[in-house]
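Architecture at a glance
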Amino acid sequence: MLDINTSLKSVPRITPKYIRVLEKLGLFTVKDLLLYLPFRYDDFSKIVPLSNDFVGQAITTSGKIIKAKNNRLFRRKMTITEIILEDPNGFQLKAVWFNQPYILENFPVGSTARFSGKLGLNGKYFSMSNPAFEKSSRDTTNTGRLVPIYSETSGITSKWIRWQIKTLLPLAKNIPDILPEEIRKKYNLFDIYTTLSQIHFPDDIEKLIRAQKRMAFQEMFLVQIRTLEIRKNWGEKDSNKIKFDEKLIKKFTLELPFKLTDAQRKATFEILKDLEKPRPMNRLLNGDVGSGKTIVATISALQTVSAGYQVAIMAPTEVLARQHFLSFSELFKNYNFNLALLTSSYKLTCGGGSTSIMEAEPPKNIVREKLLSEIKTGKINLVIGTHALIQKDVKFKNLALVIIDEQHRFGVAQRATLQSETMNIDDGNIKAIPHLLTMTATPIPRTLAIAYFGSLDLSILDEMPKNRKPIITKIITPIGREKIYNFIRSEIKKGQQAFVILPLVEESISESMVDVKAVKEEHERLSQVIFPEFKLGLLHGKLKAKEKEGVMEDFKNKNFDILVSTSVVEVGIDIPNATVIVIENAERFGLTQLHQFRGRVGRGREQSYCFLFARGTEQKSLLPTRLKIMEKTNDGFEISEHDLKLRGPGQFFGTIQSGLPDITMENLSNIKLIKFARAEAAYLLENDPKLKGHPLLADALKKFSEKIHLE
Ligand code: ADP
Ligand code: MG
């Protein structure tokens, strides 16, 4: 007898070959498979008679098979299967498949069948190529309905998954519902069985939407419970109270070469207020590239170090850590602080008391030992580094503030360790845990930030420093390419530098060799054909971390005029001399990502430019409208809101990272849903803080926390 907990290995139809693929997808039991949700649907729900009206549309039609044969084209080594179907009105449809001769068996002449696909017109016949099909006597699974499309990997098709799920679906009745019934009633949400039935095989679009809403509510409900737990937990810890020294801060800000923006002032104030509290701060500084997050972090560090405590600042890469180290050393040159740089290459840099920076590279472990001991004794006030900072042997004397820059670049696991390490950091004396300030690399829409980072307080830098010249952005069709190359030439002759960015060739998580080849070829073409007079650097994901750093350093030091790069180019890197960025195949990128690239320029005094090269069409009106948004605005928050609407929240965290299915992702940007889920989560925890009365929920939450880290 099959049950929801039965291993898929024991399901008669599923052979070992499939088991391997399913396990790769993380599917082990019947329940896992039933909870494997489609990511989109083909709408074949209208069963219609053949008619000119539907040519060009995806339809389902039904009729009698009147002819069926395989044509072998020996010379082209190809088989074409050709079926003629006649509908009740006597119109005929010719359907063809290529190199799938076995398909023929499904169509005995005289039987009836349904075909779904895009309807064409070919001479006297209506036509379809490669349609989905089904015997008319069967339930509609692959045709005649909203057909679910699952994310496929090599070895299994959506059709196969549909077939399996269809037969196993009745077992979904035994899946316990983790959403309490009161909540389901209150918000008119389907129970879990109805939800799964409608998600896999929707009766109609309304029911599908209701089912998706229920799934989204469930995910958001779990997110919010978890968030509230973290928040409560955090709020029960002790921290060092750091008194706000108004005179100190005033003096520092007056000595800056610029005036703080109102947004910076407000954020700084919020942080300094938090530092005064006996409970640890847990705050996200959400701001656009170039909005000046560093200075806000600097002031927080200044206050903390002046009060006699240590500060740790963590960046995702060595280049960024090093850049921060240099900025902080400069900003604190008039203060008698000791700064250290700690990265995994263990190269030690010390700066303190003056602008002079001491760099030493004697045998690595000796330097590291010395540095670690000085961190432990408290001689070093401020440590800047990569994740090398959270290794076990790094111990502080009295760490009171941890600042994490570009937090989304740290992997989920790293981020989780980071926070728990922050809580368990060995500070030698008291039980206090450090205040925590995280910073984003790119603006996150407010609703989303609240939904995902509800355990954090938010400070938002939604205002750019006044002295900025907005970057001029232009979409360039192929015909305009030459003109832009000439423009780049003139900029470089003026002493400026340029970036050329290439997208990944294949949709994949990491760069493949194909991508590396593409970027190498473009580098070669530009160096030899277009810009033989200039020096061009090359950056891609297959370089070792050290090599990447080297290339970025070289570019910064003007050893190259142009840097050709895949999308790995460092976010947050400051190259004020670069004034042009060209983005190839811009239509392949999302707006948020385009905006991030664009932020590589516009950091100096000169006017900067961003050229979006679009492939394939000379007609701007045919280009995706979203590209035009880039021409219209430089406001990162506005762009991220657009992007959220267009592509959903996945890209802000990455679906893989967050572990949420796309389908629910879409609903998660729904502010009302977030509010309700939050209210219900709060109510639940108030009445049942340990979830003793809700064991199903407690269990689901445990699994959920293993999968997703919201900290
Ligand atoms: P991000 O938010 O991307 O980390 P940074 O902190 O690196 O931005 O700031 C970008 C640049 O803007 C730096 O060179 C910084 O000195 C400068 N800057 C920061 N705040 C202001 C301000 N209020 N007025 C003028 N320039 C500023
Ligand atoms: Mg920054």
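Look up: the structure comes first, before these words.
Residues numbered from 1 in each chain as written. Chains lettered and ligands numbered in written order. Predicted model: local features only at pLDDT ≥ 70, side-chain atom pairs only at ≥ 80, totals over all residues. Heavy atoms only, no water.

1. Considering the site of ligand 1
In the vicinity of ligand 1, 16 residues are found, and the nearest of them are Lys 259, Gln 264, Gly 290, Thr 294 and Arg 468. In the environment of ligand 1, a nitrogen atom lies 2.9 Å from a nitrogen or oxygen atom belonging to the side chain of Gln 264. Note that an oxygen atom of ligand 1 is positioned 3.5 Å from one of the backbone N or O atoms of Ser 291. Starting from 560 Å² of accessible surface for ligand 1 in isolation, the protein chains cover 80%. (Near = heavy atom within 4 Å. Polar contact = N/O pair within 3.5 Å; in protein donor to acceptor, adjacent residues only side chain to side chain. Areas by Shrake-Rupley, 256 points an atom, 1.4 Å probe, with all protein chains shown as cover.)

2. Describing the sheet that holds strand 8 (residues 132–135)
Taken together, the seven strands give an open sheet; going across it, the order is 6-7-4-3-2-5-8, and neighbouring strands pair in mixed fashion. Each having just a single partner strand, strand 6 (120–122) and strand 8 make up the two edges of the open sheet. On average, adjacent strands in this sheet sit at an angle of 40 degrees to one another, irrespective of strand direction. As paired strands, strand 2 (residues 58–73) and strand 5 (residues 112–118) are joined by seven bridges and run antiparallel to one another. Within strand 5, the position partnered with Thr 60 by the bridge is Ser 116. (Pairing = 2+ DSSP bridges. Helix = DSSP H or I, 4+ residues; strand = E, 2+ residues; numbered from the N terminus. Axes fitted to C-alpha atoms, helices over the stretch in contact; angles between N-to-C directions.)

3. A word on the packing of helix 7 (residues 246–255) against helix 9 (residues 293–306)
One can describe the packing of helix 7 onto helix 9 by two numbers: an axis separation of 10 Å at closest approach and a directional angle of 140 degrees. What the angle tells us is that helix 7 and helix 9 run oblique. Two packed elements cross with a definite hand, and for helix 7 against helix 9 that hand is right-handed. Together, Leu 248, Ile 249, Phe 252 and Thr 253 of helix 7 and Thr 298, Ile 299, Leu 302, Gln 303 and Ser 306 of helix 9 make up the contact between the two elements. When its residues are assigned to classes, the contact of helix 7 with helix 9 shows five nonpolar, four polar and no charged. (Parallel < 35°, antiparallel > 145°, perpendicular 65-115°, else oblique. Left-handed = near helix turned anticlockwise from the far one by under 90°. Contact = heavy atoms within 4.5 Å. Nonpolar A, V, L, I, M, F, W, Y, C, P; charged D, E, K, R; others polar.)

4. Remarks on the nonpolar core
Counting 41 residues, the largest nonpolar core has Leu 302, Val 311, Phe 328, Phe 332, Leu 382, Ile 384 and Ile 403 as its most contacted members. Looking at which element gives the most residues to this core, the answer is helix 9, with seven residues. Sequence-distant contacts of Leu 382, that is, excluding residues within four places in its chain, are made with Ala 301, Val 305, Val 311, Ile 313, Phe 328, Phe 332, Asn 338, Leu 339 and Ala 340. (Core = buried A, V, L, I, M, F, W, Y, C linked by side-chain atoms within 4.5 Å. Buried < 20%, exposed > 50% of the residue type's maximum accessible area, 1.4 Å probe, protein only.)

5. Some remarks on the packing of helix 8 (residues 262–275) against helix 9
Close contact between helix 8 and helix 9 brings their axes to 9 Å; oriented N to C, the two are set at 30 degrees. Taken together, the axes of helix 8 and helix 9 are roughly parallel relative to one another. Of the two elements, helix 8 crosses helix 9, and the hand of that crossing is right-handed. Counted together, Gln 264, Ala 267, Thr 268, Ile 271, Leu 272 and Leu 275 of helix 8 and Ile 295, Val 296, Ile 299, Ser 300, Gln 303 and Thr 304 of helix 9 form the full contact between these two elements. Split by residue class, the contact of helix 8 with helix 9 holds seven nonpolar, five polar and no charged.

6. A word on the packing of aromatic side chains
Counted according to the given criterion, the structure contains 26 aromatic pairs. Where Tyr 187 meets Phe 676, the ring centres are 5.0 Å apart and the plane angle is 40 degrees; that geometry is what we call tilted. Linking Tyr 187 in the loop between helix 4 (181–186) and helix 5 (192–200) with Phe 676 in helix 23 (residues 671–687), this pair joins segments that are 489 residues apart in sequence. Judged by its relative accessible area of 16%, Tyr 187 falls in the buried class. A ring pair is formed by Phe 487 and Tyr 609, whose centres lie 4.7 Å apart and whose planes are at 80 degrees; its orientation type is edge-to-face. Separated by 122 residues along the polypeptide, Phe 487 in helix 14 (residues 481–493) and Tyr 609 in strand 24 (residues 609–613) bring together distant segments of the chain. (Phe/Tyr/Trp six-rings, centres within 6.5 Å; stacked < 30°, edge-to-face > 60°.)

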